[in-house]
Amino acid sequence: NAGVTQTPKFQVLKTGQSMTLQCAQDMNHEYMSWYRQDPGMGLRLIHYSVGAGITDQGEVPNGYNVSRSTTEDFPLRLLSAAPSQTSVYFCASSYSIQGSGNTIYFGEGSWLTVV
Amino acid sequence: KNQVEQSPQSLIILEGKNCTLQCNYTVSPFSNLRWYKQDTGRGPVSLTIMTFSENTKSNGRYTATLDADTKQSSLHITASQLSDSASYICVVSAGGSQGNLIFGKGTKLSVKP
């Protein structure tokens, strides 16, 4: 049981480059989301999805794009990387809406550095 | 403004000792409160989830309490082990269709031999 799988684990980008962080879950969860974690701050929601074909913005969506073509996958795209996007990114999934009592499972994180 | 405040920011204890981490929140409406453990370089892992009606929940050596009246929660770790060294994150859900989660900044616990 793989749970939530994120790739790559580490990535260095140059300013202006684009890339995609991959996230896949094998638990048939409807709800998936992306967070970023910065030093001295709590996790902040970037984008989330309540099911295939449905996505919405979180607290800090600027500079990021998502799509949800299947239940399993929820990639996060950085359109034109900026140094302010240097962070650790976590993908998460849960059976039901995140505000309910269902466990939220996190991936192992993707460390992104933009130079 | 919905906020989750954790204290202390960091804590060092000796192996075998007990400790208690605090979480105060100003979140409305309240749906549930979660504690997560995050090892260095890893993703957060769920320890407990408590709804409004639950005032205590255990997971092995971890016991979480919730006082919804005072909007306070604590995480008590019994007989600490070196593997308990991690950041512990309190997360409060404001409920609603978006399931708005408010994350605390975490308490970094170091257990020394």
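A short tour of the structure in this document, coming up. (Residues numbered from 1 in each chain as written. Chains lettered and ligands numbered in written order. Predicted model: local features only at pLDDT ≥ 70, side-chain atom pairs only at ≥ 80, totals over all residues. Heavy atoms only, no water.)

**Section: the overall build of chain A**
And step 1. Across its full length, chain A carries zero helices and eleven strands.
And step 2. Taken from the N to the C terminus, the helices and strands of chain A come in the order β-β-β-β-β-β-β-β-β-β-β.
And step 3. In terms of overall size, chain A behaves like a compact globule, its C-alpha atoms giving a radius of gyration of 13 Å where 115 residues would be expected to give roughly 13 Å.
And step 4. Once the C-alpha set of chain A is aligned to its principal axes, its extents read approximately 40 × 30 × 25 Å.
And step 5. Out of the 115 residues in chain A, the part that is buried amounts to 49%.
And step 6. Nonlocal contacts in chain A, meaning residues at least 24 apart in sequence, comprise 53% of its contacts between residues at least 6 apart.
And step 7. Charged side chains in chain A number 6 positive and 8 negative. The centres of these two groups are separated by 11 Å. (Helix = DSSP H or I, 4+ residues; strand = E, 2+ residues; numbered from the N terminus. Rg over C-alpha atoms; globule rule 2.2 N^0.38 Å. Buried < 20%, exposed > 50% of the residue type's maximum accessible area, 1.4 Å probe, protein only. Contact = heavy atoms within 4.5 Å. Lys, Arg positive; Asp, Glu negative; His and termini not counted. Charge placed at Lys NZ, Arg CZ, Asp CG, Glu CD.)

**Re the state of the cysteines**
All names here are of chain A.
And step 1. Following the criterion strictly, the structure yields two disulfides over all chains and no others.
And step 2. One disulfide bridge connects Cys 23 with Cys 91, the sulfur atoms lying 1.9 Å from each other. Its S-S torsion of approximately -75° makes the covalent link between Cys 23 and Cys 91 left-handed. Of the two residues, Cys 23 is situated in strand E3 (residues 19-25) and Cys 91 in strand E9 (residues 87-94); the sequence distance between them amounts to 68 residues. No difference in accessibility class separates Cys 23 from Cys 91, as the two residues are buried. (Disulfide = S-S within 2.5 Å.)

**Comments concerning the interface of chain A and chain B**
The accessible area lost on association of the parts is a frequent measure of interface size.
And step 1. Contact residues are listed per partner, giving 21 residues for chain A and 21 residues for chain B.
And step 2. The contact between chain A and chain B buries some 1600 Å² in all, and 54% of this surface belongs to carbon and sulfur atoms.
And step 3. Ionic pairing is found between Glu108(A) and Arg42(B), a salt bridge with its closest N-O pair at 2.7 Å.
And step 4. Our enumeration of links across chain A and chain B arrives at six residue pairs in polar contact (both at pLDDT 80 or more).
And step 5. Elements with a contribution of two residues or more to the side of chain A that touches chain B: strand E4 (31-37) and strand E10 (104-106) of chain A.
And step 6. Along the lines of polarity and charge, the residues of the side of chain A that touches chain B split into nine nonpolar, ten polar and two charged. (Buried area = accessible area lost by both parts, 1.4 Å probe. Salt bridge = Lys/Arg side-chain N within 4 Å of Asp/Glu carboxyl O. Polar contact = N/O pair within 3.5 Å; in protein donor to acceptor, adjacent residues only side chain to side chain. Nonpolar A, V, L, I, M, F, W, Y, C, P; charged D, E, K, R; others polar.)

**Overview of the sheet that holds strand E3 (residues 19-26) of chain B**
In sheet architecture, strand pairing relies on hydrogen bonds along the backbone and comes in two forms, parallel and antiparallel.
Residues and elements named next belong to chain B.
And step 1. Reading across the sheet, the five strands line up as E1-E3-E8-E7-E6 and stay open at both edges, with antiparallel pairing between neighbours. The open sheet has two free edges, formed respectively by strand E1 (3-7) and strand E6 (56-59), since each of these has just one partner strand. On average, adjacent strands in this sheet sit at an angle of 15° to one another, irrespective of strand direction.
And step 2. For E3 and strand E8 (residues 72-77), the ladder comprises six bridges, and the chain directions are antiparallel. Among the inter-strand pairings, Gln 22 is bridged to a residue of E8, identified as Ser 74. (Pairing = 2+ DSSP bridges. Axes fitted to C-alpha atoms, helices over the stretch in contact; angles between N-to-C directions.)

**Thoughts on unusual backbone geometry**
And step 1. Here the amide bond leading from Thr7(A) into Pro8(A) is cis, since omega sits at -5°, within 30 degrees of zero.
And step 2. In this structure, Pro8(A) sits in the loop between strand E1 (4-7) and strand E2 (10-13).
And step 3. The phi angle at Asn28(A) is positive, at roughly 60°, despite the residue not being glycine.
And step 4. One can find Asn28(A) in the loop between E3 and E4.
And step 5. Positive phi is not limited to glycine here, since Lys71(B) has a value of about 60°.
And step 6. Tracing the sequence through the fold places Lys71(B) in the loop between strand E7 (62-67) and E8.

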